[in-house]
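The lines below spell out each chain.
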Amino acid sequence: MIVDRLGQFLEHKSLVFGIAYRMTGSVNDAEDIVQESFLRWEKSGSNEIRSPRAFLSTIATRLSLDTLRKVKNKRETYIGPWLPEPIPTSPEIEEPDPETLDLAFLHLLEKLNPIERAVFILRESFELDYKIIAEAVGKTQENCRQTLKRAKEALKSDRRKFSPDKETKRKLLHNFLLASSKGQPELLLPFLKEEIVLWSDGGGKVHAARIPLFGKERVAAFLIRTSKNPVYTNTELYYTESNGAESLLVYKDGRPVYLRTFLIDENGINSIYTMLNEDKLQAYRNRKELLEKKIIVPLEFFLLFPKTSLNNPSPPVWTKPLLKLVHWAITRKK
């Protein structure tokens with residue numbers, strides 16, 4: 001019986017984490033909610049649980065709402081833009097609703113109040129019945145329907161309507177990174193949309209832009225200027241996917257120091273999210289594990305062999321001289 005109950009929880013663990021992460025935008029908070037959900041699951045009597053999915057969804061939602069209330073003051077006094085904590089993703093990992101895992105969309109969800117956010121996520125991401133949603137948020141089913149309608153209306157104008165295929169996005173980023181290595185802002189302009197926005201989250205712990213940057217000329221100049229910062233010497237660079245989007249991950253002295261995520265549509269890069277707050281890079285700490293799972297790829301390998309490297313992220317021995325040359329080319333100060 002104990003094994004069966006543990007098995008039931010493990011079967012729904014990804015659901016609990018998925019709800020908690022989308023609600024809070026924090027890996028640490030989501031993991032805490034998973035732990036607390038398990039304790040409450042263990043304490044509950046099996047006879048009173050008709051649907052483990054409904055029970056655990058309700059617990060995860062209520063704990064997430066409690067967490068959002070507790071961190072409200074912290075986020076209101078946060079230094080600079082507050083961005084959701086990024087997580088590694090992989091084509092092999094299926095997500096119930098990739099759009100709501102997107103960093104831009106998680107950031108957009110901040111426009112909603114906690115109840116609207118909960119109703120939207122439970123219905124749109126996990127397709128839960130209104131009966132379960134109503135129980136989770138403490139509202140009537142009709143009220144939840146109206147809440148979802150308001151939430152959709154609030155998000156309607158900002159939701160992305162088109163996303164190119166993976167190969168197209170990787171090719172664009174590949175060419176953009178090659179252009180970036182030449183240190184000339186004008187070479188980046190063809191890859192950036194006119195209305196591009198760049199967000200940076202340093203959490204007040206490291207130097208970062210405290211307001212979003214708008215416009216491709218300004219963003220291009222900023223990217224080239226910051227790439228020359230001495231703090232980024234002696235670093236190791238990797239290509240990866242975070243929240244389903246193409247990203248550049250940088251390690252220094254074995255620690256992840258920043259993650260830059262590029263959101264791309266049919267006309268180019270429309271948003272860039274840069275995470276510099278190391279507290280929010282916990283999911284990338286174990287570099288060895290990420291390499292073994294083929295989640296991160298040495299950037300110089302990706303630039304030399306964009307297709308081969310994604311299938312086999314361990315560079316062959318014969319490529320080492322070439323990789324050193326490429327690494328020098330992309331990290332030298334122009």
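Definitions and limits used
- Residues numbered from 1 in each chain as written.
- Predicted model: local features only at pLDDT ≥ 70, side-chain atom pairs only at ≥ 80, totals over all residues.
- Heavy atoms only, no water.
- Phe/Tyr/Trp six-rings, centres within 6.5 Å; stacked < 30°, edge-to-face > 60°.
- Helix = DSSP H or I, 4+ residues; strand = E, 2+ residues; numbered from the N terminus.
- Buried < 20%, exposed > 50% of the residue type's maximum accessible area, 1.4 Å probe, protein only.
- Pairing = 2+ DSSP bridges.
- UniProt positions renumbered as here; feature names shortened; annotations may be inferred.
- pLDDT = per-residue confidence, 0-100.
- Expected span 1.5 Å × (residues − 1).
- Polar contact = N/O pair within 3.5 Å; in protein donor to acceptor, adjacent residues only side chain to side chain.
- Axes fitted to C-alpha atoms, helices over the stretch in contact; angles between N-to-C directions.
- Parallel < 35°, antiparallel > 145°, perpendicular 65-115°, else oblique.
- Left-handed = near helix turned anticlockwise from the far one by under 90°.
- Contact = heavy atoms within 4.5 Å.
- Nonpolar A, V, L, I, M, F, W, Y, C, P; charged D, E, K, R; others polar.

### Points about the packing of aromatic side chains
Counted by the stated rule, this structure contains 10 aromatic pairs. Each ring, one from phenylalanine 105 and one from phenylalanine 120, has its centre 5.7 Å from the other, and the planes form 35 degrees; the classification is tilted. Of this pair, phenylalanine 105 sits in helix H4 (residues 103–108) while phenylalanine 120 sits in helix H5 (residues 114–125), and the two are 15 residues apart along the sequence. Taking relative accessible area as the criterion, phenylalanine 105 reaches 4% and is therefore assigned buried. Given a relative accessible area of 0%, phenylalanine 120 falls into the buried group. Seen from their ring centres, phenylalanine 176 and phenylalanine 191 are 6.0 Å apart, and the 80 degrees between their planes marks the pair as edge-to-face.

### A closer look at the pairing of strand E6 (residues 268–275)
Most of E6 sits out of view: eight of its eight residues are buried. Pairing analysis gives six bridges linking strand E1 (residues 192–201) to E6, with the strands arranged parallel. By the bridge assignment, leucine 192 is partnered in E6 with isoleucine 269. For strand E5 (residues 255–265) and E6, the ladder comprises seven bridges, and the chain directions are antiparallel. Along E6, the bridge assignment pairs leucine 259 with methionine 275. Here E5 hands over to E6 after two residues, the two strands then running antiparallel side by side.

### Let's talk about the environment of glutamate 217
With respect to the helices, strands and loops of the structure, glutamate 217 is situated in helix H9 (residues 216–227). It is 25 Å that separates the C-alpha atoms of glutamate 217 and phenylalanine 105, two residues lying 112 residues apart in sequence.

### Some details on the UniProt feature "domain: RNA polymerase sigma factor 70 region 4 type" (unreviewed entry) in the protein
Here the UniProt feature "domain: RNA polymerase sigma factor 70 region 4 type" (unreviewed entry) sits at residues 104–155. Measuring from the first to the last C-alpha atom of residues 104–155 gives 12 Å, for a span that is 77% helix and 0% strand.

### Quick word on the confidence of the model for the protein
Mean pLDDT over the protein stands at 87; residues scoring 70 or higher make up 91%. Here helix H12 (residues 308–311) is the element of the protein with the lowest mean pLDDT, 74, and helix H6 (residues 130–137) is the one with the highest, 96.

### So, H5
Under the 1.5 Å per step criterion, the end-to-end length of H5 is 16 Å for 12 residues, consistent within 8% with the ideal 16 Å. Listed in full, the buried residues belonging to H5 are Glu116, Arg117, Ala118, Val119, Phe120, Ile121, Leu122 and Ser125. Structurally, the start of H5 carries an N-cap: the backbone nitrogen of isoleucine 115 is 3.1 Å from a side-chain oxygen of asparagine 113. Two residues or fewer after H5 comes glutamate 127, characterised by a positive phi angle close to 50 degrees.

### Things to note about the packing of helix H2 (residues 27–43) against helix H3 (residues 52–76)
Two elements in contact, H2 and H3, have axes separated by 9 Å at closest approach and are oriented at 135 degrees. Classed by the angle they form, the pair H2 and H3 counts as oblique. Viewed along their axes, H2 and H3 form a crossing whose handedness is right-handed. Here Asp29, Ile33, Glu36, Ser37, Arg40 and Trp41 of H2 come into contact with H3, specifically with Pro52, Phe55, Leu56, Ile59, Ala60, Leu63, Ser64, Thr67 and Val71. Of the residues in the contact of H2 with H3, the class split is nine nonpolar, three polar and three charged.

### So, the sheet that holds strand E2 (residues 213–214)
Within a sheet, neighbouring strands are paired by backbone hydrogen bonds and run either parallel or antiparallel to one another. Here we have seven strands laid out as an open sheet, ordered E2-E1-E6-E5-E4-E3-E7, and mixed in their pairing. For this open sheet the edge positions go to E2 and strand E7 (296–298), each flanked by a neighbour on one side alone. Pairing between E1 and E2: two bridges, direction antiparallel. Directly across from valine 197, in E2, lies its bridge partner phenylalanine 214.

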